[in-house]
Amino acid sequence: MRMIDLIVKKREGLALSGEEIEYIIGGFTRGEIPDYQVSAWLMAVVLKGMEEREITDLTLAMAHSGQTLDLKPVAPFVVDKHSSGGVGDKTTLVVAPLVAAAGLPVAKMTGRGLGFSGGTLDKLESIPGFNVNLTKAEFLENLARHGIVVAGQSADLAPADGKLYALRDVTGTVESIPLIASSIMSKKIAAGADAIVLDVKVGRGAFMKTLEEAEALAQTMVKIGRGVGRRVTAVISDMSQPLGYAVGNALEVKEAIATLQGSGPADFTALCLAVAGQMVLLAGKCATAEETEGVLQELLASGKALDKFREFVRAQGGDAGVVEHPELMAQARYVDTVTAPQSGYLAGINAQMFGLTAVTLGGGRAKKGETIDHGVGMVLQHKVGDRVEQGEAVVEVHANDRGKLLEAKANLSSALSWSRQPVKRPALVHGILGGGKPPGGCS
Ligand code: URA
C-alpha cells in the first residue's frame, strides 16, 4: 500500500477500506508516514467526507493505536464527558470534580486547544505543577485512589489522536464531522468509561455552525459509542457567544474555581449542572433531573465539589493553593478594556473571533508544539441581552504584548454587535439525544 494512493483515493471522494484506514493510522502513529502526507489526507477528508462505516473504522483504529483501559478492576462504573469544542468552555474543570464528589468515578482523556477553541489540557497546565501526561498505570492509580483523573493522550493511550489533533490544529482541518467524531470517540473508547455525556456545541464559537450539523455529529458519536457497548447521551448546547465570561487558560481556571465556590456566571453554572446531571442520570444514580439537580447543588453549596477539585489538583502534582490564590497562575502584564460605543443592548458576541483573538494573544498555537501563554485572554463584563451604557467596559483584555493588545481590542470591538431594542438571551441547551434509563431514587 502507498500513502499517496490513499490520499488520491480520498481526494476523488472514494471510501477507504478498513485495512487502508488501519494502514494510515498505524503508519502515522509509528512515525512511518510523514506529517505532510497525513495533512493532505486530512484535508481530503474535510472536503470529501467519510461514510459511516469509514468513520467507525477510523475511530476504532485510533482507539487501538495504543493501549486501551479496562477500568473494571479499579471502579465498577465510570463516567466521562466530552465537549466538541468551544470558546470559554471550561466545563470539565467543574463537572469532573462535581460528579466525582457525587460518588461517581470520573476518568477522562482530553485534548489541547484546537483551532479557535480552547483545550482542557492547556487550561489544567495553567495550574503550577499540574501533570497531564499520565501513563496507563498512573491513570488507573489516580482513578482508584481519588475517583477522578483527567489526562492527555500519551504513548500508551490513543497516541494517534494526540498526533492527528496536533496536526489538525495547525492545518485548517478541524471542522469535519468524521474527524471530530473519531477524535472524540477514540479517546472515549480507549479511556474505558461505561457512560459518556457528549456536549456538542453549536453556533459561531463551535465547529458545528448549525443545529443540523450539531445533531448529525451528535448522532454519529452516540451510534459509535453504543456500537461498542457504552451508554451515551449528547447534550446540544449553545456556543453563539462565549460560555461564561472568561476566555483564556488561567482566566478560565479562575472562573471554574469561582463556579465551584458558587459565584460563577449563570450560563456556565447552568450548563455545568445540565452536563453533570446527565452524567448522574446516565449512571443510574438518580431517577429524575430534579433529584439530580438537588444533589449537585448541595455538593456545590457544601464545598464538597471544591474539596474534590483540590484533591484532584494535588493528585496530579498541581498546586491546590490556586483555589485561594488564583494569582499563583500566570497573569498578563497589561489589562485594558473595550468599551460600549453607544448605549443599548448587546445583540451579539462573535465567539469565534474571541477564540481567534485568544490564540493571537498567545493563548493558542499557530504551529505544532508551540508553547503557549497561559496568562492572556479576555473577560467579558456583559453577555448577549444585557443593557449597556455608552463608555461602559464590555471586555477586559489581558495581554503580554502592547501591539497584540491593540490589535485584540480592535478585533474584539468588531466582534460585538448592538441593538437599541431589547434582545432575547439565547437558549443554553438546544436538545438532548439519548439519555439513560435510571432506576428510581438517588443511590
Ligand atoms: N474535541 C476533540 O477531542 N477532538 C476534536 O476533534 C474536537 C473536539
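What this report covers is the structure whose coordinates are included nearby. (Residues numbered from 1 in each chain as written. Predicted model: local features only at pLDDT ≥ 70, side-chain atom pairs only at ≥ 80, totals over all residues. Heavy atoms only, no water.)

Looking at the site of the ligand
Turning to step 1, where the next piece is worked out: In the vicinity of the ligand, the residues found are His82, Ser83, Ser84, Leu114, Tyr165, Arg168, Ile180, Ser183, Ile184 and Lys187.
Turning to step 2, where the next piece is worked out: His82 is positioned with one of its side-chain polar atoms (N or O) 2.9 Å from an oxygen atom of the ligand.
Turning to step 3, where the next piece is worked out: Protein chains shield 97% of the accessible area of the ligand, which is 240 Å² for the free molecule.
Turning to step 4, where the next piece is worked out: Counting atoms within 2 Å of the grid points, the majority share of the ligand lands in the largest cavity.
Turning to step 5, where the next piece is worked out: Looking at the shell around the ligand, the elements that each hand over two or more residues are β1 (79-83), α8 (159-169) and α9 (177-191).
Turning to step 6, where the next piece is worked out: No other element matches the four residues that α9 contributes to the shell around the ligand.
Turning to step 7, where the next piece is worked out: Here the shell around the ligand is composed, by residue class, of four nonpolar, four polar and two charged. (Near = heavy atom within 4 Å. Polar contact = N/O pair within 3.5 Å; in protein donor to acceptor, adjacent residues only side chain to side chain. Areas by Shrake-Rupley, 256 points an atom, 1.4 Å probe, with all protein chains shown as cover. 1 Å grid on protein atoms, 1.4 Å probe; cavity = no way out; pocket = protein on both sides within 12 Å on 5 of 7 lines; lining within 4 Å. Sits in = over half its atoms within 2 Å of the grid points. Helix = DSSP H or I, 4+ residues; strand = E, 2+ residues; numbered from the N terminus. Nonpolar A, V, L, I, M, F, W, Y, C, P; charged D, E, K, R; others polar.)

Details of the sheet that holds strand β9 (residues 377-380)
Turning to step 1, where the next piece is worked out: Taken together, four strands build an open sheet; the order of strands is β6-β9-β11-β7 and the sheet is antiparallel. Two strands bound the open sheet, and with one partner strand each, they are β6 (246-247) and β7 (334-339).
Turning to step 2, where the next piece is worked out: Bridge analysis of β9 against strand β11 (residues 393-399) gives four bridges, and the strand direction is antiparallel. The residue of β11 that forms the bridge with Val379 is Glu396.
Turning to step 3, where the next piece is worked out: Its contacts with the sheet place helix α16 (residues 402-414) against β7, β9 and β11, and it is angled at close to 20° to β7. (Pairing = 2+ DSSP bridges. Contact = heavy atoms within 4.5 Å. Axes fitted to C-alpha atoms, helices over the stretch in contact; angles between N-to-C directions.)

Thoughts on the side chain of Asp89
Turning to step 1, where the next piece is worked out: Topologically, Asp89 is positioned in the loop between β1 and α5 (91-101).
Turning to step 2, where the next piece is worked out: Residue Asp89 is classed as buried on the basis of its relative accessible area of 8%.
Turning to step 3, where the next piece is worked out: Side chain to side chain, Asp89 and Thr91 meet in a polar contact 2.4 Å long.
Turning to step 4, where the next piece is worked out: If sequence neighbours within four positions are ignored, Asp89 has contacts with Ser83, Lys123, Asp199, Lys201, Met239, Leu243 and Glu252. (Buried < 20%, exposed > 50% of the residue type's maximum accessible area, 1.4 Å probe, protein only.)

Things to note about the sheet that holds strand β10 (residues 387-388)
One key point about sheets: their strands pair by backbone hydrogen bonds, in either a parallel or an antiparallel sense.
Turning to step 1, where the next piece is worked out: Judged by pairing direction, the sheet is antiparallel, and its three strands sit side by side in the order β10-β8-β12 without closing on themselves. At either end of the open sheet lies a strand with only one pairing partner, and these are β10 and β12 (416-419).
Turning to step 2, where the next piece is worked out: Inspection of the sheet shows strand β8 (residues 344-349) paired to β10 by two bridges, in the antiparallel sense. Opposite Gly344, over in β10, you have Val388 as the bridge partner.

A few points about the pairing of β8
Turning to step 1, where the next piece is worked out: Of all six residues in β8, five are buried, a share of seventy percent or more.
Turning to step 2, where the next piece is worked out: Bridge count between β8 and β12: four bridges; the pairing is antiparallel. Residue pairing across strands places Leu346 opposite Trp418, the latter belonging to β12.

Considerations on α16
Residues that lie three or four places apart on an α-helix share one face, since the helix turns once every 3.6 residues.
Turning to step 1, where the next piece is worked out: With 13 residues, α16 extends 19 Å from end C-alpha to end C-alpha; this agrees with the ideal 18 Å at 1.5 Å per step.
Turning to step 2, where the next piece is worked out: Every buried residue belonging to α16 is among Leu405, Ala408 and Leu412, and all of these are buried. An end-on view of α16 places all buried positions within 65° of arc, on one side of the element. Of the residues in α16, the exposed ones pointing more than 90 degrees away from the buried face are Leu406 and Ser414.
Turning to step 3, where the next piece is worked out: Along its buried surface, α16 packs onto β7, α15 (351-363), β9, β11 and β12. (Expected span 1.5 Å × (residues − 1). Arc of directions from axis to C-beta.)

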